[in-house]
Amino acid sequence: MRKAAFALRAFNVETARAMDVASDPKIGLMRLVWWQEAIDKIYANKLIEHPTAQALSSVITESKISKAWLKRLVEARINDASREVTDLPESIEDLEKYAENTASTLLYMTLQAGGIRSTAVDHAASHVGKASGLLLLLKSLPYHASRNRHFSYIPAKVAAKHGLLVKEGGRSEIHLDSREGLCEAVFEIASAANAHLLKARELADAVPSEARKALLPAVPAQVLLDSLSRVQFDVFDSRLARGILGRPPLLFQLKLKWYSWRGKY
């Protein structure tokens, strides 16, 4: 699965950072639409002069990866990029849907490339992806705030519950009058991510050994969750930016190797 995993993750990076590397949001959106069209061309056996697209084409030919999953991932990015800063997700379930369509879908494709077909594996991958997606959205909150995206990944219901939601001129915006309120909101979303990790691990006995390494993204998700806990869920704490997800790189790699060696995730 390794060749497929590299190609699929490169594709994921290309689409995930499309809006970040563009000087204008419209250009970023055009880049995502280009990828949407590129997928159609790849499945039509047309040559595309782009290294990631070529790697993806090779993997698709060898592994018969589902076109619908690739399209789902890009469409989720396009829908996210198209919304206004003030268009807040309504609930944590909306964030989970986004994580399912991106992080979980990436795991489904990796498993498909390995020829693994199992309902239990798919359920575990869904939970691992949702946990990873939710936690990465939390980690990215300071970055998006610095790019005038404010806190558009905190659901309206969660923000209102913790006193962060302000309505101005018929629009709802998140204001950081209380750092404590933000920490409580982050804790609530992180708790949902933790529940997904627990559910994924409850399914471990039904997951075949050859599939477990594909689910190792659960490890960095757990590391980030632990790092958030250490800083009392303050996403602006500078310790989160140290090393890898707030942990020394060597310790992170050893943890990853340990889980891999034991056949766990």
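Owing to the predicted nature of the structure, the values given are computational and were not obtained by experimental measurement.

### Some details on unusual backbone geometry
What you tend to see is this: most non-glycine residues have negative phi, and most peptide bonds are trans.
Turning to step 1, where the next piece is worked out: Look at N45: it is not a glycine, yet its phi comes out positive at around 60°.
Turning to step 2, where the next piece is worked out: Relative to the helices and strands, N45 is located in the loop between α3 (25–43) and α4 (51–63).

### As for the domain arrangement of the protein
Turning to step 1, where the next piece is worked out: Taken domain by domain, the protein comprises domain 1 (1–82) and domain 2 (89–264).
Turning to step 2, where the next piece is worked out: Inter-centroid distance (C-alpha atoms) of domain 1 to domain 2 is 22 Å.
Turning to step 3, where the next piece is worked out: Counting the surface lost from both domain 1 and domain 2, the interface buries some 1800 Å², and carbon and sulfur atoms represent 62% of this.
Turning to step 4, where the next piece is worked out: A per-residue breakdown of the area domain 1 buries against domain 2 is headed by M1, W69 and D80, which together make up 35% of the total.
Turning to step 5, where the next piece is worked out: Summed over the shared surface of domain 1 and domain 2, the result is 1 salt bridge.
Turning to step 6, where the next piece is worked out: A salt bridge links E100 to R72, with the nearest nitrogen and oxygen atoms 3.9 Å apart.
Turning to step 7, where the next piece is worked out: Inspection of the region where domain 1 meets domain 2 yields 5 residue pairs in polar contact (both at pLDDT 80 or more).

### Section: the environment of K157
Turning to step 1, where the next piece is worked out: Along the chain, K157 turns up in helix α9 (residues 156–161).
Turning to step 2, where the next piece is worked out: Of the residues examined, K157 reaches a relative accessible area of 53% and is grouped as exposed.
Turning to step 3, where the next piece is worked out: Considered as a pair, K157 and A185 are 28 residues apart in the sequence and their alpha carbons are 9.8 Å apart.
Turning to step 4, where the next piece is worked out: The contacts of K157, once residues within four sequence positions are left out, are E90 and S91.

### Regarding the packing of helix α1 (residues 2–16) against α3
For any two helices packed against each other, one specifies the crossing angle of their axes together with the interaxial distance.
Turning to step 1, where the next piece is worked out: Across the interface, α1 lies against α3 with an axial gap of 9 Å and an inter-helix angle of 145°. Each of F11, E14 and T15 in α1 lies in contact with α3, whose residues at this interface are L32, W35 and I39.

### Re the nonpolar core
Turning to step 1, where the next piece is worked out: Ranked by internal contacts, the top residues of the largest apolar core, which has 53 residues, are L135, L138, I154, L228 and Y265.
Turning to step 2, where the next piece is worked out: Within the residue set of this core, elements represented by two or more residues are α6 (92–113), α7 (119–139), α9, α10 (179–202) and α12 (218–230).
Turning to step 3, where the next piece is worked out: Among residues more than four places away in sequence, those in contact with L228 are L135, L138, F233, V235 and L240.
Turning to step 4, where the next piece is worked out: Grouped together as the second largest cluster of nonpolar side chains are 24 residues, W35, A53, L73 and V74 included.

### A word on α3
Turning to step 1, where the next piece is worked out: Over its 19 residues, α3 extends 28 Å from the first C-alpha to the last, a length consistent with the 27 Å expected when each residue adds 1.5 Å.
Turning to step 2, where the next piece is worked out: Turning to α3, its buried residues number three or more, namely G28, L32, W35, A38, I39 and I42. Buried residues of α3, seen end-on, are gathered within an arc of 110° and therefore sit on one face of the element. Residues K26 and M30 are exposed on α3 and point more than 90 degrees away from its buried face.
Turning to step 3, where the next piece is worked out: Looking at the buried side of α3, the elements it contacts are α1, α2 (18–21), α4 and α5 (67–82).
Turning to step 4, where the next piece is worked out: Backbone nitrogen of K26 and a side-chain oxygen of the N-cap are separated by 2.7 Å at the start of α3; the cap is D24.
Turning to step 5, where the next piece is worked out: Directly after α3, the chain includes N45, whose backbone phi takes a positive value near 60°.

### A closer look at the packing of α12 against helix α13 (residues 249–261)
Turning to step 1, where the next piece is worked out: Closest axis-to-axis distance for the α12/α13 pair is 10 Å, and the angle between their directions is 135°. Comparing the axis directions of α12 and α13 gives the class oblique. Helix-helix and strand crossings are classified by hand; for α12 and α13 the assignment is right-handed. Taken together, the residues of α13 that come into contact with α12 (itself represented by V219, P220, V223 and D226) are F252, K255, L256 and Y259.

Basis of the calculations
- Residues numbered from 1 in each chain as written.
- Predicted model: local features only at pLDDT ≥ 70, side-chain atom pairs only at ≥ 80, totals over all residues.
- Heavy atoms only, no water.
- Helix = DSSP H or I, 4+ residues; strand = E, 2+ residues; numbered from the N terminus.
- Domains from an automatic or database assignment.
- Buried area = accessible area lost by both parts, 1.4 Å probe.
- Salt bridge = Lys/Arg side-chain N within 4 Å of Asp/Glu carboxyl O.
- Polar contact = N/O pair within 3.5 Å; in protein donor to acceptor, adjacent residues only side chain to side chain.
- Buried < 20%, exposed > 50% of the residue type's maximum accessible area, 1.4 Å probe, protein only.
- Contact = heavy atoms within 4.5 Å.
- Axes fitted to C-alpha atoms, helices over the stretch in contact; angles between N-to-C directions.
- Core = buried A, V, L, I, M, F, W, Y, C linked by side-chain atoms within 4.5 Å.
- Expected span 1.5 Å × (residues − 1).
- Arc of directions from axis to C-beta.
- Parallel < 35°, antiparallel > 145°, perpendicular 65-115°, else oblique.
- Left-handed = near helix turned anticlockwise from the far one by under 90°.

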